[in-house]
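# Descriptive structure summary
Given next are the chains, with one letter for each unit.
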Amino acid sequence: MGLIYDNPDLAALTLTRIAAEESEGPGALEGSMLDYLDDLKRRNGTAYLELVAITLARVHFKSLDAVARATGTDSSILLDAAEVDALETL
């Protein structure tokens, strides 16, 4: 039996927790995220990391959609705004 965090949903939550802690200081835990991902890849392979990425994208959209519903905004408008914001940082 694998570790509990070998479940893509729980692995995504662990990465989110690391990101939340990282938000307290710029880049402070980036190494922790990379170490965690390297460990998951070593134990489960690259295909597993793809599942984690898919899970993160789904969770991100669910969060965005919840904000859209709470504010009465269309989720596609919020998604477009997030994309523009990301593009502006390039």
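All of these numbers come straight from a predicted model, not from anything done at the bench.

Parameters at a glance
Residues numbered from 1 in each chain as written. Predicted model: local features only at pLDDT ≥ 70, side-chain atom pairs only at ≥ 80, totals over all residues. Heavy atoms only, no water. Helix = DSSP H or I, 4+ residues; strand = E, 2+ residues; numbered from the N terminus. Buried < 20%, exposed > 50% of the residue type's maximum accessible area, 1.4 Å probe, protein only. Contact = heavy atoms within 4.5 Å. Areas by Shrake-Rupley, 256 points an atom, 1.4 Å probe, with all protein chains shown as cover. Salt bridge = Lys/Arg side-chain N within 4 Å of Asp/Glu carboxyl O. Core = buried A, V, L, I, M, F, W, Y, C linked by side-chain atoms within 4.5 Å. Axes fitted to C-alpha atoms, helices over the stretch in contact; angles between N-to-C directions. Parallel < 35°, antiparallel > 145°, perpendicular 65-115°, else oblique. Left-handed = near helix turned anticlockwise from the far one by under 90°. Nonpolar A, V, L, I, M, F, W, Y, C, P; charged D, E, K, R; others polar.

## Notes on the overall build of the protein chain
When you go through the protein chain residue by residue, the secondary structure sums to four helices and zero strands. Mapped in sequence order, the helices and strands of the protein chain form the string α-α-α-α. Counting only residues that meet the buried cut, the protein chain has 19% of its 90 residues in that class. Long-range pairs, those at least 24 residues apart, make up 44% of the contacts in the protein chain with a sequence separation of at least 6. For the protein chain, the exposed surface amounts to about 6600 Å²; the carbon and sulfur share of it is 60%.

## Here we look at the pattern of salt bridges
One pass over the full model with this rule turns up three salt bridges. Asp39 is the partner of Arg42 in a salt bridge, and the nearest nitrogen-oxygen pair spans 2.7 Å. With Arg42 and Asp39 both in helix H2 (residues 30–44), this residue pair falls three residues apart, about one helical turn. The exposed category is assigned to Arg42, whose relative accessible area is 63%. Relative accessible area serves as the criterion here: at 21%, Asp39 is assigned to the partly exposed category. The partner of Asp65 in a salt bridge is Arg69, and the shortest N-O contact between them spans 3.3 Å. Of the two residues, Asp65 and Arg69 are both situated in helix H3 (residues 46–71); the distance of four residues between them amounts to about one turn of the helix. Among the charged side chains, a network of salt bridges with common partners joins Asp39, Arg42 and Arg43.

## Structural notes on the nonpolar core
Formed by Ala11, Leu15, Ile18, Met33, Tyr36, Leu40, Tyr48 and Val52, the largest nonpolar core amounts to eight residues. Listing elements by their share of this core, those giving two or more residues are helix H1 (8–22), H2 and H3.

## Focus: the packing of H3 against helix H4 (residues 75–88)
Axis separation between H3 and H4 bottoms out at 8 Å; the angle between their running directions is 120°. On the basis of their axis angle, the class for H3 and H4 is oblique. Considering the relative orientation of H3 and H4, their crossing is right-handed. Contacts between H3 and H4 pair Phe61, Leu64, Asp65, Val67 and Ala68 from the former with Ser75, Leu78 and Leu79 from the latter. Partitioned by chemical class, the residues of the contact of H3 with H4 number six nonpolar, one polar and one charged.

## Points about the environment of Ile54
In this fold, Ile54 is placed in helix H3. Look at Ile54 and you get partly exposed, because its relative accessible area is 40%. Here the alpha-carbon distance between Ile54 and Ala12, two residues 42 residues apart in the chain, equals 9.3 Å.

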